[in-house]
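# Coordinates in review
These are the residues of each chain, in order.
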Amino acid sequence: MHVADYVWYITVGLLLALLAFDVFVIGRRPHEPTTRESAIAIAFYVGLAVVFGLGVWVFSGGQYAGEFFAGWLTEYSLSVDNLFIFLIIMSRFAVPRKYQQTALLVGIILALVFRGVFIAVGAAAINEFSWVFYLFGAFLVYTAVHLAKQGENDDDDYKENAVIRFAKRRLKATDEYNGVKLTVVQNGKRLVTPMAIVIIALGTTDLLFALDSIPAIYGLTQEPFLVFTANVFALMGLRQLYFLLGDLLRRLVYLSIGLSVVLAFIGVKLVLHAMHVNELPFINGGHHIEWAPEIPIWFSLGFIIVTLGITTVLSLRKSRNQPAAVEAKDDSVQDDVPAPEASDAHKA
């Protein structure tokens, strides 16, 4: 797929302009988006991604359009799963609803930055070393097994990483939020607010998410242009989706299992592709393994759609059959939400 430089410039410029509009215009004041505001934004961003995919079809053919849609759906599903972790982080740190929008905006921007770096690194590695597909495939299969073992989404699945624990221990912090400010001066001393700890939590979590998402999409397309645009479109509207779904995210109880199936499929697809282009001297004498099949993109796209569709239907059916249990769990989570642990950091 040949993409002229000016197409790159125009695409990146337009997407950055959309992001800037969302951050500096729509999100200029801390507030909780209404259901109507969230629904309109999501419909706009999803429609934009569909139009872009159709444009790829018109100018570059159905093969690349299929790769874009498969990558976008996979990345979007992974991003929705990430929202569940964001929901837990917001609850753990008792972030006021009106400030959660700002925290999510920063988290999404950080996700774009991290994914951009990984996309560039991944593209360079693929161009130089074909055996990197073996690594990507093995990593995705490992991730799939890890997700499958988790089973249904549960708050206990989230564990603070070392960076968050270090920040909470070492940073002198206030006990209360001061709007969306990250620092505040008290008694002549500069202290961080709980919002700063939340941003650190979201940022480091985004970094870990990028480790899963980039190998996944490179298993569907090796075109950097499609990898980049699919990731950006997958992140657009996530803030509004978070508020639109709210605690309903908890009802997608089989999402992790569905994603584990998708990631395992892509991991196997990557290994088969690595065998097909094999150059490692200790495998088949360094020759390509011609019998290794190349899974067509139409099959990959169909598999992803069917798997995620079944996952969603089964999740909603189980949630509908057990509404009382789900609501009781949600209430207990809200009741058990501890105050921000910034006070512990202050004592440290």
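Everything below is about the structure shown above.
Now for a look at the structure at hand. (Residues numbered from 1 in each chain as written. Predicted model: local features only at pLDDT ≥ 70, side-chain atom pairs only at ≥ 80, totals over all residues. Heavy atoms only, no water.)

### A word on a nonpolar patch on the surface
Together, Y6, Y9, I10 and L14 make up a nonpolar patch on the protein surface, roughly 520 Å² of accessible area in all. Within the element layout of this structure, Y9 appears in helix 1 (residues 5-26). Residue Y9 is classed as exposed on the basis of its relative accessible area of 62%. (Patch = residues over 30% accessible without salt bridge, like charges linked within 9 Å, V, L, I, M, F, W, Y side chains within 5 Å. Areas by Shrake-Rupley, 256 points an atom, 1.4 Å probe, with all protein chains shown as cover. Salt bridge = Lys/Arg side-chain N within 4 Å of Asp/Glu carboxyl O. Helix = DSSP H or I, 4+ residues; strand = E, 2+ residues; numbered from the N terminus. Buried < 20%, exposed > 50% of the residue type's maximum accessible area, 1.4 Å probe, protein only.)

### Describing the layout of surface pockets
As a volume, the second largest pocket reaches approximately 470 Å³. Contributions of two or more residues to the lining of the second largest pocket are made by helix 1, helix 2 (35-60) and helix 8 (224-235). Split by residue class, the lining of the second largest pocket holds 16 nonpolar, four polar and no charged. (1 Å grid on protein atoms, 1.4 Å probe; cavity = no way out; pocket = protein on both sides within 12 Å on 5 of 7 lines; lining within 4 Å. Points joined across faces, edges and corners; volume = space filled by probe spheres on them. Nonpolar A, V, L, I, M, F, W, Y, C, P; charged D, E, K, R; others polar.)

### Examining the packing of helix 3 (residues 62-92) against helix 8
In contact at an axis separation of 8 Å, helix 3 and helix 8 are set at 40 degrees when each is read in the N-to-C sense. Judged by the angle between their axes, helix 3 and helix 8 are oblique. Our pair here, helix 3 against helix 8, has a crossing hand that is right-handed. Here helix 3 contributes Y64, E67, F68, G71, W72, E75, Y76 and S79 to the contact with helix 8, which in turn contributes L226, T229, A230, N231, F233, A234 and L235. (Axes fitted to C-alpha atoms, helices over the stretch in contact; angles between N-to-C directions. Parallel < 35°, antiparallel > 145°, perpendicular 65-115°, else oblique. Left-handed = near helix turned anticlockwise from the far one by under 90°. Contact = heavy atoms within 4.5 Å.)

### Some words on the nonpolar core
With 88 residues, the main nonpolar core has W72, F93 and V198 as its most contacted residues. With 16 residues, the single largest contributor to this core is helix 3. Excluding residues that lie within four positions of it along the chain, V198 makes contacts with I89, M90, F93, V95, A103 and Y177. (Core = buried A, V, L, I, M, F, W, Y, C linked by side-chain atoms within 4.5 Å.)

### Focus: the environment of H2
With respect to the element layout, H2 can be found in the segment before helix 1. Here the alpha-carbon distance between H2 and F225, two residues 223 residues apart in the chain, equals 9.4 Å.

### Quick notes on helix 8
Its twelve residues place the ends of helix 8 17 Å apart at the C-alpha level, agreeing with the 16 Å of an ideal helix rising 1.5 Å per residue. Across the twelve residues that make up helix 8, a large majority, eleven, are buried. Restricting attention to buried positions, one finds in helix 8 the residues F225, L226, V227, F228, T229, A230, N231, V232, F233, A234 and L235. Once helix 8 finishes, G237 follows within two positions and takes phi at roughly 85 degrees, a positive value. (Expected span 1.5 Å × (residues − 1).)

### Quick notes on empty space enclosed by the protein
In total, this model carries two cavities of 30 Å³ or more according to the counting rule given. Size it by volume and the largest cavity reaches roughly 100 Å³. Lining the largest cavity we find 14 residues, and of these L19, D22, I108, L235 and M236 sit closest to its centre. When contributions to the lining of the largest cavity are tallied by element, the ones reaching two or more residues are helix 1, helix 4 (97-128), helix 8 and helix 9 (238-245). Along the lines of polarity and charge, the residues of the lining of the largest cavity split into ten nonpolar, two polar and two charged. By volume, the second largest cavity is sized at about 70 Å³. If you go around the second largest cavity, the residues you meet are S79, N82, F86, G107, I108, A111, R115, D206, F209, L235 and L238. Secondary-structure elements contributing two or more residues to the lining of the second largest cavity are helix 3, helix 4 and helix 7 (194-218). Across the lining of the second largest cavity, the residue classes tally to six nonpolar, three polar and two charged.

### A word on the pattern of salt bridges
For the structure shown, the criterion picks out one salt bridge. In this structure, the salt-bridge partner of R115 is E75, at a minimum N-O distance of 3.2 Å. A residue pair is termed long-range when its members are at least 10 positions apart, and R115 in helix 4 and E75 in helix 3 qualify at 40 residues. Accessibility expressed as a relative area gives 4% for R115, which makes it buried.

### What about helix 3?
Between the first and last C-alpha of helix 3 there are 45 Å, a value that for 31 residues agrees with the 45 Å anticipated at 1.5 Å per step. With respect to burial, helix 3 is a largely interior element, 26 of its 31 residues being buried. At the C-terminal side of helix 3, A94 shows a positive phi close to 50 degrees.

### As for the packing of aromatic side chains
All chains considered together, the criterion is met by 13 aromatic pairs. Members of the aromatic cluster, joined through ring pairs, are W8, F52, F68, F69, F225, F228 and F233. (Phe/Tyr/Trp six-rings, centres within 6.5 Å; stacked < 30°, edge-to-face > 60°.)

### Looking at the packing of helix 4 against helix 8
Between helix 4 and helix 8, whose axes approach to 10 Å, the crossing angle comes to 165 degrees. If you check the angle between helix 4 and helix 8, you find them roughly antiparallel. In terms of crossing hand, the pair formed by helix 4 and helix 8 is right-handed. Residues I108, A111, L112, R115, I119 and A123 of helix 4 touch helix 8, and the partners they reach there are P224, V227, F228, N231, V232 and L235. A breakdown of the residues in the contact of helix 4 with helix 8 according to their chemical character gives ten nonpolar, one polar and one charged.

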